[in-house]
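# Observations on chain architecture
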Amino acid sequence: MRNLILVLGDQLDPENPALAGIDRERDGIVMIEADGESTHVWSHQARITLFLSAMRHYAETLRSRGLPLQYLALDNTTASTLGERLREVIAQQQPKKLIVCEPGEYRLQQDIETVCRESGIKLEIRDDIHFLCSREAFAAWAKGRRELRMEFFYREMRRRHEVMMEDSQPAGGRWNFDSDNRAGFGKTAAEYRRVPHANGRAIGQHVEHALARHHYANMIRRLRQILDAGITLQSV
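The structure reproduced in this document is the subject of the present report. (Residues numbered from 1 in each chain as written. Predicted model: local features only at pLDDT ≥ 70, side-chain atom pairs only at ≥ 80, totals over all residues. Heavy atoms only, no water.)

## Here's the deal with the sheet that holds strand 2 (residues 28-32)
Ordered by their spatial adjacency, five strands build an open sheet running 3-2-1-4-5, and the pairing between neighbours is parallel. Of all the strands in the sheet, the pair left with one neighbour each is strand 3 (69-72) and strand 5 (122-126). Each strand of the sheet is rotated relative to its neighbour by a mean of 25°, with strand direction disregarded. With five bridges connecting them, strand 4 (residues 97-101) and strand 5 associate as parallel partners. When the sheet's bridge partners are listed, Ile 99 is paired in strand 5 with Glu 124. Each of strand 2 and strand 3 touches helix 2 (residues 45-64); the most contacted strand, strand 3, lies at about 160° to it. (Pairing = 2+ DSSP bridges. Helix = DSSP H or I, 4+ residues; strand = E, 2+ residues; numbered from the N terminus. Axes fitted to C-alpha atoms, helices over the stretch in contact; angles between N-to-C directions. Contact = heavy atoms within 4.5 Å.)

Right under this line is the structure:
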């Protein structure tokens, strides 16, 4: 195998930079469910179920495009962490290089770097297009500052990308409306729409079994009922 492309669960974009230039004959894609990613920071089983469901829907999209995908589900491994599972895939597939879009967590990026180094393969980390500011650009902005305050960075991004600006001033004469946003919605009824959500019950059962130590386990029953009927989303 030439390149193994790792698609992370929070990068489910059809235009994921890691997929650019893929060769269907010489490259492969891997997506990995790992309970370690769910237990590193405790999450509600309902959130985990929705997260994994989104991953599996995305996997089906990749397969429908005829892309070579290896999908490792939560219920078919003894390995706990994403790094451990990735190491197994690399040993099986023997790629010359791993390609991944820049992970959102530095901890995870370090794990991937370690696995590639110990497996003796090259690693290519591509810029994440989902952010208006790269890590390098942020480091340049932060250099020499006595404090790092979100408000100041926010204003710089507004200026740089000309978002809600009128010449050099914020539109409406104010940088934010935080005080207004803290107010409640009142008693106005919200409008809802339903979105079909396939395989919700099966995924919920996998999560309930594999991650039984999670809090609020009984809540998964209600989630499965919701997923069977379709997700209820508030309209915007």
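Back to the text.
## Digging into helix 3 (residues 82-93)
Between its first and last C-alpha atoms helix 3 spans 16 Å; for 12 residues at 1.5 Å apiece the expected length is 16 Å, and the two agree. For helix 3, every residue scored as buried is listed here: Leu 82, Gly 83, Arg 85, Leu 86, Val 89 and Ile 90. Looking straight down helix 3, one finds that the buried residues subtend no more than 160° of arc, so they occupy a single side. Set apart from the buried face of helix 3 by more than 90 degrees, the exposed residues are Ala 91 and Gln 92. In this structure, the buried side of helix 3 is in contact with strand 1 (3-6), strand 2, helix 1 (35-39), strand 3, strand 4 and helix 4 (106-119). Remark: Gln 94 follows helix 3 within two positions and exhibits a positive phi of approximately 55°. (Expected span 1.5 Å × (residues − 1). Buried < 20%, exposed > 50% of the residue type's maximum accessible area, 1.4 Å probe, protein only. Arc of directions from axis to C-beta.)

## Considering the packing of helix 3 against helix 4
Remark: helix 3 packs on helix 4, axes separated minimally by 10 Å, with the N-to-C direction vectors making an angle of 30°. Between helix 3 and helix 4, the crossing angle belongs to the class labelled roughly parallel. Relative to helix 4, the crossing made by helix 3 is right-handed. Between helix 3 and helix 4, the contacting residues are Leu 82, Gly 83, Leu 86, Arg 87 and Ile 90 on the first element and Leu 108, Ile 112, Val 115, Glu 118 and Ser 119 on the second. (Parallel < 35°, antiparallel > 145°, perpendicular 65-115°, else oblique. Left-handed = near helix turned anticlockwise from the far one by under 90°.)

## Examining unusual backbone geometry
The phi dihedral of Met 164 falls on the positive side, at around 50°, and the residue is not glycine. Note that Met 164 resides in the loop between helix 6 (150-161) and strand 6 (165-166). By relative accessible area, Met 164 is classed as exposed at 52%. Residue Asp 167 is not a glycine yet carries a positive backbone phi of 60°. Inspection of the secondary structure puts Asp 167 in the loop between strand 6 and strand 7 (169-170). A residue is classified by how much of its surface remains accessible, and Asp 167, at 80% relative accessible area, is exposed.

Shape descriptors only; they carry no functional weight alone.
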